[in-house]
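Notes for the structure review
Here is how the chains run, residue by residue.
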Amino acid sequence: DTGVSQDPRHKITKRGQNVTFRCDPISEHNRLYWYRQTLGQGPEFLTYFQNEAQLEKSRLLSDRFSAERPKGSFSTLEIQHTEQGDSAMYLCASSWGQKRSSITSEQYFGPGTRLTVT
Amino acid sequence: GQQVMQIPQYQHVQEGEDFTTYCNSSTTLSNIQWYKQRPGGHPVFLIQLVKSGEVKKQKRLTFQFGEAKKNSSLHITATQTTDVGTYFCAGEANFGNEKLTFGTGTRLTIIP
């Protein structure tokens, strides 16, 4: 399967615990995005990488959220001290972009990680 | 911040009827993309529109980008049960920050 993969697919955690999600993009893609989606809403942008550089981070993202893409391949999203409001589907997407400030090309989404905070 | 709204939020149609969803951005867009998300699935790219007034067709689907590059529409002719899902528009702001802002989505259900 050469699509975007995410692990785990489901995560149930207790409030206050830390969680980490992984995303493996399509191998030729240099851009990687993280989104959060709640029921009945569209995906909400969280952050974006071009290769290993994190170029954009949503102002809505609290300091409890951190993302890395150390070698420009896979990425991890960590949420510290989870809260019930963090319960959502976390989607990863990848795309190819020639250079900074070029128009965003089509994004390929992974299946998502569904987080439930109890 | 940039906001992207879609109407209607829900649409129920008889199989064979047409369907249209409208997308409006609070800011001018450099381009707009459309995605389809099946129930329980993830968004899947449909098309990208870049030019002012652009119209693109994919079989029964027709996509339009407004002249002012602030609105867009998706029209499906003669809906089929396979068209079920939520349709999202996603706009990139004019200053090219490579970030997509997704609309609120229109959920389409088909009555056989």
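A short tour of the structure in this document, coming up. What you see is a predicted model; the values in this text were computed from it and never measured.

Our focus in this paragraph is the sheet that holds strand E1 (residues 5-7) of chain A. Hydrogen bonds between backbone groups are what pair the strands of a sheet, and the pairing can be parallel or antiparallel. Residue and element names in this part refer to chain A. If you walk across this open sheet you meet the 4 strands as E1-E3-E8-E7, and the pairing is antiparallel. Lying at the two open borders of the sheet, with one neighbouring strand each, are E1 and strand E7 (65-68). Neighbour-to-neighbour, the strand axes of this sheet turn through a mean angle of 15°, independent of strand direction. By the bridge criterion, 3 bridges tie E1 to strand E3 (residues 19-24) in an arrangement that is antiparallel. In the strand pairing of E3, Gln 6 is matched with Cys 23.

Looking now at the sheet that holds strand E3 (residues 19-25) of chain B. All names here are of chain B. Sheet architecture is open: 5 strands sit in the order E1-E3-E8-E7-E6, paired in antiparallel fashion. The sheet is open, and its two borders are formed by strand E1 (4-7) and strand E6 (55-58), each paired with just one other strand. Mean inter-strand twist for the sheet, computed between neighbouring axes without regard to direction, equals 15°. Of the strand pairs in this sheet, strand E7 (residues 61-65) and strand E8 (residues 71-76) are connected by 5 bridges, and their pairing is antiparallel. Paired with Phe 63 across the bridge in E8 is Leu 74.

All names here are of chain A. A one-sided burial pattern is seen for E7, the buried positions being Phe 65 and Ala 67 and the unburied ones Ser 66 and Glu 68. In terms of strand pairing, E7 meets strand E8 (residues 75-79) through 4 bridges, oriented antiparallel. Opposite Ala 67, over in E8, you have Leu 77 as the bridge partner. Where E7 folds back onto E8 in an antiparallel hairpin, the turn is made up of 6 residues, including Gly 72, whose phi is positive at roughly 75°.

What follows deals with the environment of B:Ser52. All names here are of chain B. Along the chain, Ser 52 turns up in the loop between strand E5 (44-49) and E6. On the basis of relative accessible area, Ser 52 is assigned to the partly exposed category, the value being 38%. Between the alpha carbons of Ser 52 and Asn 71 there is a distance of 10.0 Å; along the sequence they are 19 residues apart. When residues no more than four places from it in sequence are discounted, the contact partners of Ser 52 are Phe 65, Gly 66, Glu 67, Ala 68 and Lys 69.

For the rest of this paragraph, the subject is unusual backbone geometry. Each neighbour pair has its own omega, and for A:Asp7 with A:Pro8 the value is -5°, a cis peptide bond. Topologically, A:Pro8 is positioned in the loop between E1 and strand E2 (10-13). Geometrically, the link from B:Ile7 to B:Pro8 is a cis peptide bond, its omega value of -5° lying close to zero. Its location among the elements puts B:Pro8 in the loop between E1 and strand E2 (10-14). A positive phi angle, near 50°, is found at A:His81, a position not held by glycine. Mapped onto the elements of the fold, A:His81 is located in the loop between E8 and strand E9 (88-95). The residue B:Ala78 is not glycine, and still its phi comes out positive at about 50°. B:Ala78 gets classed as partly exposed once you look at its relative accessible area, which sits at 32%.

Cut-off values and rules
- Residues numbered from 1 in each chain as written.
- Chains lettered and ligands numbered in written order.
- Predicted model: local features only at pLDDT ≥ 70, side-chain atom pairs only at ≥ 80, totals over all residues.
- Heavy atoms only, no water.
- Pairing = 2+ DSSP bridges.
- Helix = DSSP H or I, 4+ residues; strand = E, 2+ residues; numbered from the N terminus.
- Axes fitted to C-alpha atoms, helices over the stretch in contact; angles between N-to-C directions.
- Buried < 20%, exposed > 50% of the residue type's maximum accessible area, 1.4 Å probe, protein only.
- Contact = heavy atoms within 4.5 Å.

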